[in-house]
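# What the coordinates show
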Amino acid sequence: MILVFACITFIFLFSEAADKFYIGYTQSPKERLLKHNEQENFNTFTRKFRPWKMVALFEVSEDKTIAIIIERFIKKQKSRKLLETLCDTNFQLSGILAQLVRVPNFRD
C-alpha cells in the first residue's frame, strides 16, 4: 500500500478590476482558481471581483493545522503591503512565514 500525501498550497489571487487581493489554501490550486473565476455559488466575495489571476503560490505542509495558523496570521495583519511583499519573488520569508516554500514557476 502506497500512501500519498498532498501538500497544502497557499494561493494569492489578485483582481485587477477591483485592485484587491485574496488568499486561501488548497490542495488543488488550479481547480481553486477556476472555481473563484467561474463557479456561480462558490464564494460571494470573489464572485463580485472577477476575474482573478494567481500572483503567488506557496507550498506549506501536509498538515492543514499549520496552513490554518499561517492563513490566520496573514489575514490578521490586514496589510496590503504584506501581501504585495509576499508576492515579490525577491522577498526572504522569515518567522512564521519561513514555513512557506515559494513555487517559482506556476501558470494560472
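This text goes with the structure placed above it.
Note that this is a predicted model, so its numbers are computed, not measured.

About the cut-offs
Residues numbered from 1 in each chain as written. Predicted model: local features only at pLDDT ≥ 70, side-chain atom pairs only at ≥ 80, totals over all residues. Heavy atoms only, no water. Salt bridge = Lys/Arg side-chain N within 4 Å of Asp/Glu carboxyl O. Helix = DSSP H or I, 4+ residues; strand = E, 2+ residues; numbered from the N terminus. Buried < 20%, exposed > 50% of the residue type's maximum accessible area, 1.4 Å probe, protein only. Phe/Tyr/Trp six-rings, centres within 6.5 Å; stacked < 30°, edge-to-face > 60°. Lys NZ or Arg CZ within 6 Å of the ring centre and 35° of its normal.

## A few points about the pattern of salt bridges
- Summed over all chains, the structure comprises five salt bridges.
- Notably, a salt bridge pairs E71 with K75, separated by 3.0 Å at the nearest N-O pair. On the criterion of helical spacing, the pair formed by E71 and K75 is a turn pair, its members being four residues apart in helix α3 (residues 64-77).
- Judged by relative accessible area, which is 13%, E71 ranks as buried.
- Of the residues examined, K75 reaches a relative accessible area of 41% and is grouped as partly exposed.
- A single salt-bridge network, built from bridges that share partners, covers D19, R80 and E84.

## A closer look at the packing of aromatic side chains
- Within the structure shown, the criterion is met by seven aromatic pairs.
- A ring pair is formed by F14 and F21, whose centres lie 4.8 Å apart and whose planes are at 55°; its orientation type is tilted. Assigned by exposure class, F14 and F21 land together as buried.
- Considering the side-chain rings of F45 and W52, the 6.3 Å spacing of their centres and the 40° angle between planes classify their relative orientation as tilted.
- One aromatic cluster in this structure is built from Y22, F45, F49 and W52.
- One residue, K20, lies across the ring of F49, its end atom 5.3 Å from the ring centre.

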